[in-house]
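# Residue-level structural notes
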Amino acid sequence: MKQACLLGLAIAAALVVGSPTLCQTASAQNAKSAIVHDSEYYVLETQHGAQWTTEDQEISRKLAELRQKFGAPPNIIHIMWDDSAVGEVGIPAIQKIRGFETPNINRLAAEGINFMRMYTEPSCTPSRAAVLTGRHPIRNGMFNVGFPYEYGGLAKSEITTAEVLSKAGYATAFYGKAHIGDIEDSYLTRHGFDEALWTPYNQVPSLYTPQGQMAVLAPAVMFPEMFGKDPYDIDAGWRPRGYVFALEGKKGGPVREFGRAPNHDDYMKLDPEMQKRTIAFVRKNAAEKKPFYVDYWPLATSFLGFPNRVTASGGFPQEAFARLDIWIGELMAELKTLGIAENTLVILMADNGPMTHNGPPGMVETLYRGGKGDFLEGGVRVPAMAWWPGVIAPGQTVGDIIHETDLFTTFAHLASATDGIPTDRIIDGVDQTALLLKGDTFSRRDYVFIYTGSVLAATVKGRYKRVWVGENPGLSGPAFFDLYNDPREVSGQMLPMFPAKGMFNIMKTRHQLWMTKYPNTGEARAFPLTGIENARPETVAAGEPRMDVSKLPFDPFEFIKVLPEWNNIEFDREE
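Computed from a predicted model, the values in this text were never measured in an experiment. (Residues numbered from 1 in each chain as written. Predicted model: local features only at pLDDT ≥ 70, side-chain atom pairs only at ≥ 80, totals over all residues. Heavy atoms only, no water.)

Once that is clear, we can look at the overall build of the protein. In terms of helices and strands, the protein carries 17 helices and 17 strands. Here the C-alpha radius of gyration of the protein, 24 Å, is about what a compact globule of 575 residues would show, namely 25 Å. Its C-alpha atoms give the protein principal-axis dimensions of about 70 × 60 × 50 Å. Looking at the protein as a whole, 59% of its 575 residues are labelled buried. A separation threshold of at least 6 residues defines the contact pool for the protein, and within that pool the share at least 24 residues apart is 71%. Summed over its atoms, the accessible surface of the protein is roughly 22800 Å², and 55% of this surface lies on carbon and sulfur atoms. Within the protein, one finds 56 positive and 67 negative side-chain charges whose respective centroids are separated by 3 Å. (Helix = DSSP H or I, 4+ residues; strand = E, 2+ residues; numbered from the N terminus. Rg over C-alpha atoms; globule rule 2.2 N^0.38 Å. Buried < 20%, exposed > 50% of the residue type's maximum accessible area, 1.4 Å probe, protein only. Contact = heavy atoms within 4.5 Å. Areas by Shrake-Rupley, 256 points an atom, 1.4 Å probe, with all protein chains shown as cover. Lys, Arg positive; Asp, Glu negative; His and termini not counted. Charge placed at Lys NZ, Arg CZ, Asp CG, Glu CD.)

As structure tokens, this is what we get:
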């Protein structure tokens, strides 16, 4: 701590006016909580800590009463899909002009909380890693979107929500799109899930089929046998041929491939199977009176679309929503039938904004500008809602800032499992139990750091936002936005916002200095898709060097380790 404090004092003391120094916030953190949060959290805690303590006492009494009533801590179901703009679901008025409807999802939002400022990471892999670990992906290297082959994934040293809740006696399961790597260290059955059926990649492999090659990708790099022989193609073996659609397994047991790529019919079987397993998992643990945590993160669609249309819109996401909505209604009904709805928290949300750049039909902006991959609000604000009958008051629209990493810490609190949260690293997620139970204005954050890849792109503080990229060094320009009066970020301000310049500079400096005490790490590296019990020959080949290494004047492992965007510290290799 001393080294970090000296560094903080040397660089930041002159900047910090009317705020605790880095040393003071560190001392407050040590005194009040073993969990290490980002530095900005402690600035708020010094001002509101007494109020939060009072609220926490009330919340503890409420949770104790619920536990006594139901004989167990609450069940938690987290449902997260892809690429959706705020308002696409949960707001019927917007759906009226979009050509589709989701009555069950809208009812869930109306019966609970509809969050208007849920922030995520800008794209799939970063968002999913953030939810699972409660940490911005910059901290563990999971800031790139993975494709076959990724040669990497979430390191085994990262602690997930499933691991934390497992230690507290929860049954844990994952069904859906994980997209956090294709190496054994990243397999979800190695990250605390008792059982899982998951995809190591995203939905794009739905196109890595003969149908996709001809319908969408032609001419493309896949399936050269579908074209005339190219006499100049003398290294055809570099193409990924052993990728998988999905893997399944149980904690401590073997991992198997589910379905067979590149069979598109097998791909389309995934979501129905995952939905079936989710309901079965809920029923099993309800019957055993065992608290459970389950992630259902649907693929939702194939990039070849659905064979039939059920909405007037016909867009890819709208068709997916219409189908997901039916299942959400079935889930809500099942929870009530089983008598566990009042002891079950359900969170629904998207993982990032719509794929407005080169995306499929139906992906559009709604309230905010920008989409997937952007640090604009449209890329990182998503639809989100919470439902917990009898606990979360119905009919709430919440304007507080909440970040997807907050779910990690909040779920741990609800499960009485905070002792399992690691204390040797920064946990970006803050406990938002008060926001769930008390409603609007009870958030414990008013800030968000927005990364694009490994670059800090923007910072939000309340209604204001500063963009860090694109300005000339040493010259302040119109990089400030008032999100109340310019929610689409079209008119950057300079002179009116100069009083906020110092505040944002301090925030950025604190955020970066705290990393000197708790350095960022990286994702693990290895050959992909190993350790699969029923691996096809193509999949086995993917997990091995494709040439005789002894005849090379270099070690191919070194190239995996030193690619500049892969800031890994772990690399698994069998000697």
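Another point: the nonpolar core. Of all hydrophobic cores here, the largest spans 106 residues; its most connected members are Ile-79 and Phe-115. With seven residues, helix α11 (residues 316-337) is the largest single contributor of residues to this core. Here Ile-79 is in contact with Tyr-296, Trp-297, Pro-298, Trp-327, Ile-328, Leu-331, Val-346, Ile-347, Leu-348 and Met-349, once residues within four sequence places are set aside. With 22 residues, the next largest nonpolar core counts Leu-44, Ile-138, Trp-514 and Tyr-518 among its residues. (Core = buried A, V, L, I, M, F, W, Y, C linked by side-chain atoms within 4.5 Å.)

Here we have four strands laid out as an open sheet, ordered β13-β14-β15-β16, and antiparallel in their pairing. Looking along the sheet, the strands with just one partner apiece sit at the ends: β13 (447-452) and β16 (480-482). Sheet twist, expressed as the average angle between the axes of neighbouring strands with direction ignored, equals 20°. Bridge count between strand β15 (residues 464-467) and β16: three bridges; the pairing is antiparallel. Bridge pairing in β16 links Lys-465 to Phe-481. Strand contacts of helix α3 (residues 39-70): β13 and β14 (455-461), with the helix running at about 175° to β13, the strand carrying the most contacts. (Pairing = 2+ DSSP bridges. Axes fitted to C-alpha atoms, helices over the stretch in contact; angles between N-to-C directions.)

Tallied over the full model, the rule gives 21 aromatic pairs. Among the aromatic side chains, those forming a connected cluster through ring pairs are Tyr-41, Tyr-42, Trp-52, Trp-514 and Tyr-518. Against the face of Phe-306 rests Arg-323, its NZ or CZ located 3.9 Å from the ring centre. Positioned over the ring face of Phe-442 is Lys-438, at 4.9 Å from the centre of the ring. (Phe/Tyr/Trp six-rings, centres within 6.5 Å; stacked < 30°, edge-to-face > 60°. Lys NZ or Arg CZ within 6 Å of the ring centre and 35° of its normal.)

A word on unusual backbone geometry. The peptide bond linking Pro-148 to Tyr-149 adopts the cis configuration, its omega dihedral lying at -20°. Here Tyr-149 shows up in the loop between α6 (124-133) and β3 (152-153). Cis peptide bonds are those with omega within 30 degrees of zero, and the linkage from Ala-261 to Pro-262 qualifies with 10°. The backbone of His-179 sits at a positive phi, close to 60°, despite the residue not being glycine. Tracing the sequence through the fold places His-179 in the loop between β4 (171-177) and β5 (195-199).

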